[in-house]
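The chain contents come next:
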Amino acid sequence: MRSVLTRYLTREILSASGTVLLAFLGLFAFFDFLNELDSIGKDGYELYQAVIYVVMIIPGRVYELLPVAVLIGTLYALTTLARHSEITVMRVSGMSTVRMLRVLMGIGVIFVVAIFVFGEYIAPPAERAAQQWRLVATNSTVSSHLRSGLWVKDGPRFINVQTLLPDRSMQDVRIYEFDEQHGLRSISDAQTGRYKNHQQAWVLGSVRQTRFLGDRTEVVDLPELQWSSELTPEVLSVLMVMPERMSVTTLFAYINHLRENKQNAERYEIALWKKLVYPFAALVMMALALPFALTHDRMGGVSVKVFLGVMLGIGFHLLNGLFSNLGVINGWSPPMAALTPSALFLFAAAGMLFWVERR
């Protein structure tokens, strides 16, 4: 009997959550397309290229919106069952609130896995490909906001890259290398730079290297120069992808690079913790939806509860971004900044369940 009820609840929740997710994706895709309209016609950017770009960033939207869709979908499914007195029948047949909560957590594992897979394996490469597609379509390059280009620290070297192309090759690269006493050892100017995976190093082309040898200098022209570095194209891809849409492995590698070079990695640490915590937000959302289904005799209809679910979902989404920014501004610990929104909603769900049971 319980397995039948579990399968029934699973089917209803998955169906409702999937429908809500599709509706949200259509809405956000429309807004994303409107956002691209200003760029169409500029630098050769055409309508079909904008459409392809919008389609390519959909996996990232799925990752962002799935917890909210789970909340609204679960809320709709449970309140519909409550309106038809099916929840009452389940409770009379022996399904307690705790048992129902366990069933919901079991169903929620499906969403946890889906969010993790999208966030780690589907959305990050899709986001990188989308940004590269847009850069190629608009004949653009990737660079920092500084006029002097991109600056990166790599051990005893400081690297200045004037242009980072969409294929993640570099142009006009200058490398300043220092000794242990912080004295300038050499300056290498290269016209091009391309990463060789089999060598795990950058190969710089058309290099002019100025070496500082005590009281004299020496200038050497080299057709190629191999530069071994932890700065892989994947690490440099942070310039094209927001930290929140990077994979855990890429974030971890870039955080290690920043730490080794004694640079501030707090923003990326918060993003890493959010990536680890965010999939479990689906469980919190499902727990938050349960009290609404158990109060069918004292609250409004399905439409009212769905509206409340939408408001709660939007609140969670905004709170999640707010605490990330507050964590960076105020120097909060990354776990606290990442966990606080989910913890607040979890406490709210527990409080509501306690209130429902008492009444």
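Here, the structure is the one placed above.
The rules behind the values
- Residues numbered from 1 in each chain as written.
- Predicted model: local features only at pLDDT ≥ 70, side-chain atom pairs only at ≥ 80, totals over all residues.
- Heavy atoms only, no water.
- Pairing = 2+ DSSP bridges.
- Helix = DSSP H or I, 4+ residues; strand = E, 2+ residues; numbered from the N terminus.
- Patch = residues over 30% accessible without salt bridge, like charges linked within 9 Å, V, L, I, M, F, W, Y side chains within 5 Å.
- Areas by Shrake-Rupley, 256 points an atom, 1.4 Å probe, with all protein chains shown as cover.
- Salt bridge = Lys/Arg side-chain N within 4 Å of Asp/Glu carboxyl O.
- Buried < 20%, exposed > 50% of the residue type's maximum accessible area, 1.4 Å probe, protein only.
- Polar contact = N/O pair within 3.5 Å; in protein donor to acceptor, adjacent residues only side chain to side chain.
- Contact = heavy atoms within 4.5 Å.
- Phe/Tyr/Trp six-rings, centres within 6.5 Å; stacked < 30°, edge-to-face > 60°.
- Lys NZ or Arg CZ within 6 Å of the ring centre and 35° of its normal.
- Expected span 1.5 Å × (residues − 1).
- Axes fitted to C-alpha atoms, helices over the stretch in contact; angles between N-to-C directions.

Q: How should the pairing of strand 4 (residues 184-196) be read in this particular structure?
A: Successive side chains on a regular strand alternate, one facing one side of the sheet and the next facing the other. Relative to strand 4, strand 3 (residues 170-178) runs antiparallel, the two sharing eight bridges. In the strand pairing of strand 4, Tyr176 is matched with Ile187. Once strand 3 ends, the chain turns through five residues before running back antiparallel as strand 4, passing His182 with a positive phi of about 65 degrees. Both strand 4 and strand 5 (residues 201-213) contribute to a ladder of 10 bridges, which runs antiparallel. Within the sheet, the bridge partner assigned to Asp189 lies in strand 5 and is Arg208. What sits between strand 4 and strand 5 in their antiparallel hairpin is a turn of four residues, with Gln200 showing a positive phi close to 50 degrees.

Q: Please explain the pairing of strand 5 as it appears in this structure.
A: Bridge count between strand 5 and strand 6 (residues 216-227): 11 bridges; the pairing is antiparallel. Bridge assignment links Leu213 to a residue of strand 6, and that residue is Arg216. Where strand 5 folds back onto strand 6 in an antiparallel hairpin, the turn is made up of two residues, including Gly214, whose phi is positive at roughly 65 degrees.

Q: Help me understand a nonpolar patch on the surface, please; the structure alone is not making it clear to me.
A: The grouping of Leu27, Phe30, Phe31, Leu34, Leu37, Leu47, Val51 and Val55 at the surface amounts to a nonpolar patch, some 690 Å² of accessible area in total. Looking at the nonpolar patch, the elements that each hand over two or more residues are helix 1 (2-36) and helix 2 (47-56). Note on placement: Leu34 falls in helix 1.

Q: What is the right way to read the pattern of salt bridges from this model?
A: If charged atoms from side chains of opposite charge come close, those side chains can pair. Under the counting rule described, the total for this entry stands at eight salt bridges. For Arg61, the salt bridge goes to Glu64, with nearest N and O atoms at 3.0 Å. Placement of the pair is Arg61 and Glu64 together in helix 3 (residues 58-83), with a separation of three residues, close to one helical turn. Note on Arg61: relative accessible area 16%, which makes it buried.

Q: How should the side chain of Thr250 be read in this particular structure?
A: Note that Thr250 resides in helix 7 (residues 248-260). In terms of polar contacts, Thr250 uses its side chain to reach the side chain of Ser247, at 2.9 Å.

Q: What am I meant to see in unusual backbone geometry here?
A: Among all residues except glycine, the phi angle is most often negative; among peptide bonds, the trans geometry is most common. Although it is not a glycine, Asp172 sits at a positive phi angle of roughly 55 degrees. Within the secondary structure, Asp172 is located in strand 3. Judged by relative accessible area, Asp172 falls into the partly exposed class, the value being 43%. Its identity as a non-glycine residue notwithstanding, Ser206 has a phi of 55 degrees, on the positive side.

Q: Help me understand the side chain of Thr10, please; the structure alone is not making it clear to me.
A: Within the element layout of this structure, Thr10 appears in helix 1. Residue contacts for Thr10: discarding those within four places in its chain leaves Ile107 and Ile110.

Q: What exactly am I supposed to notice about the packing of aromatic side chains here?
A: How two aromatic rings sit relative to each other is set out by the distance from centre to centre and by the angle between their planes. Counted under the stated rule, the structure contains 11 aromatic pairs. Judged by centre distance (6.2 Å) and plane angle (80 degrees), the ring pair of Phe116 and Tyr121 falls under edge-to-face. Arranged with centres 5.3 Å apart and planes meeting at 70 degrees, the rings of Tyr195 and Trp202 form a pair that is edge-to-face. Both residues of the pair, Tyr195 and Trp202, belong to the buried class. An aromatic cluster is defined as three or more aromatic residues linked by ring pairs; in this entry it consists of Tyr195, Trp202 and Trp227. Stacked on the ring of Tyr53, the Lys or Arg Arg134 has its end atom at 5.8 Å from the ring centre. We note Lys275 situated over the ring of Tyr63; from NZ or CZ to the ring centre the distance is 4.3 Å.

Q: Help me out: how do you make sense of helix 9 (residues 281-293) in this one?
A: In an α-helix, one turn spans 3.6 residues; hence positions three or four apart end up facing the same way. In this model helix 9 runs 19 Å from its N-terminal to its C-terminal C-alpha over 13 residues, within 8% of the 18 Å that 1.5 Å per residue would give. Counting buried positions over the 13 residues of helix 9 gives 12, a clear majority of the element. Residues of helix 9 that are buried: Ala281, Ala282, Val284, Met285, Met286, Ala287, Leu288, Ala289, Leu290, Pro291, Phe292 and Ala293.

Q: So what exactly am I meant to see when it comes to the sheet that holds strand 1 (residues 150-154) here?
A: Think of a sheet as strands paired side by side through backbone hydrogen bonds, with each pair either parallel or antiparallel. Taken in spatial order, the six strands of this open sheet run 1-2-3-4-5-6, and their pairing is antiparallel. Among the strands making up the open sheet, the edge pair consists of strand 1 and strand 6. With direction set aside, neighbouring strand axes in the sheet form an average angle of 20 degrees. As defined by bridge partners, strand 1 adjoins strand 2 (residues 157-164) across five bridges and the pair is classed as antiparallel. From the neighbouring strand, Lys153 faces strand 2, where its bridge partner is Phe158.

Remember that the coordinates give geometry; whether it matters functionally is a separate question.
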